[in-house]
Structure formats: structure tokens, C-alpha cells
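Inside the fold
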Amino acid sequence: MPELLRFPEFAAHQSALKDTSKDKHEPNSSTYMTESNKTAVNFDAVKDDYVKKMRLSEMLASCDALFEDGEGAIIFTEFKNGALKKNKQPDLRKKIYDSVLIFMDITLMNLREMRQKAKYILVYNETANKENKDDAELIKKQTNEVQPSGEFDLIAKTFSKWGKKEYVCFGLKKFQNYCFKEVHTYTEKEFKSYMELLESIPIPSESI
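Our subject in this report is the structure included herewith.

Rules of the game
- Residues numbered from 1 in each chain as written.
- Predicted model: local features only at pLDDT ≥ 70, side-chain atom pairs only at ≥ 80, totals over all residues.
- Heavy atoms only, no water.
- Core = buried A, V, L, I, M, F, W, Y, C linked by side-chain atoms within 4.5 Å.
- Buried < 20%, exposed > 50% of the residue type's maximum accessible area, 1.4 Å probe, protein only.
- Helix = DSSP H or I, 4+ residues; strand = E, 2+ residues; numbered from the N terminus.
- Contact = heavy atoms within 4.5 Å.
- Phe/Tyr/Trp six-rings, centres within 6.5 Å; stacked < 30°, edge-to-face > 60°.
- Lys NZ or Arg CZ within 6 Å of the ring centre and 35° of its normal.

1. Remarks on the nonpolar core
Nonpolar side chains in soluble globular proteins tend to end up buried together. One finds Phe10, Phe76, Phe103, Tyr120, Leu172 and Phe180 to be the most contacted residues of the largest nonpolar core, which totals 34 residues. Of all the secondary structure elements, the ones that give two or more residues to this core are helix H3 (43-54), strand E4 (74-80), helix H4 (89-107) and strand E5 (118-124). Considering each element in turn, this core owes the most residues, seven residues, to H4. Setting aside residues up to four positions removed in sequence, Phe76 forms contacts with Cys63, Ala65, Leu66, Ser99, Val100, Phe103, Met114, Ala118, Lys119, Tyr120, Ile121 and Phe180. In this structure, Ala40, Ala73, Phe79 and Ile121 belong to the second largest nonpolar core, which totals 15 residues.

2. Concerning the packing of aromatic side chains
According to the stated counting rule, one finds 13 aromatic pairs in the structure shown. Centroid distance Phe7 to Phe10: 5.8 Å. Interplanar angle 65°. Geometry classified as edge-to-face. Phe10 shares its class with Phe7; the two are buried. These aromatic residues form a ring-pair network of at least three members: Phe7, Phe10, Phe43, Phe76, Phe103, Tyr120 and Phe180. Over the ring of Tyr32 we find Lys18, and its NZ or CZ is 4.8 Å from the ring centre. Lying over the aromatic face of Phe175, Lys174 brings its terminal NZ or CZ to 5.4 Å of the ring centre.

Geometric descriptors of this kind do not, in isolation, establish any biological role.
Below is the structure:
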């Protein structure tokens, strides 16, 4: 990921994407939400350094990882292993706002450029949210099965068309065309297929 690594703040915290997906609330667990070894930036670590450097009195929140998709986009990625009830959605939104501001400060990218270059993906535990009735879009997704996991690899080949019918859950749709070019909420299986698609179609990346 040559473009992200131009910034020393990111280069100092390279990580396998898999390692950023470990549940931080279960430090002794060996469960990861992705097995991808794609090079990423541990954005939690970037945030910690930023807070120290700026001598902030309050700890900020952040997404788990950044990586480049090979199509010129920067992917902000958050992994959530538990049930995402409505009372947890404000925490997700704070992570997004803080992450965007930190990223913009480091890269000097403005909000208009963010909407052109940045995407956001929340990867959630499908089993933990099976009975989650707090989110209408999640219920629609589960009911209509617009994104059937078993056939996702085939659907992904026409990803742009499929994306138009995608349900964005957990109140995150508001960030599309505001902070990000695209927003996605994927189960672990869907994210696995998404990563396989990226890795199978190498496309030269663009500059930030």
C-alpha cells in the first residue's frame, strides 16, 4: 500500500489486516474476524500516537484499520464481533467522526477529497446479530437475502450493480456521500468474498 505508507504516522503501524480484526474486548481470545494477511494500517495505534502528540485531554475513538483496495480508494474498516444494538450505534458514529478528522489532519485531505477517495466497511458477526431487531435495514437484509453469502463470490463479479441494492445497516447509511464515497456493512463471509475479489483483480492504485 504505497500511498498510505508515504505518511510516517501510517508507516509506523503496519499490520496484517487479520491482526486488526481481533476482538479487543477478549484479549485472550484467538478469534479473528478475517484471515486476510493483506497489509493494513493499525489505525487504533495511529490514534493513540495522535492523542499523545496533540496532548489531548480526552481519548479519541477510531476505526480498527486502513488499507488500500487497489482501485485508488482508502478503506476505513471496523470489526464488530458482538451484537450491535441501537445503544452502541453512537459509539460507531463517534469512531467514524474521530477517524475522519485524524486522517484528514495527517494527510491534509479535505472532505470533498474524502468523498472521492475513501470508503467505509463495517464487518459484523452475523450469528451475534441474527436476533437483532433494533435495525430495520438489518431485518430487511436478513429477510430478503439480497446478499446471500453462498453466492456472494458470483454476485461480487458484478459488484457495482449489486451494490445499488445493498442494505447498509446500523444507521451508517448517513455517512455515504457525506464522509465516504461508499459505505458497506458486511458479515464476515461477505467480507471474505470481498477481499478475495480485491486480491484476484489487481488494479494499479491512484495517488491520494
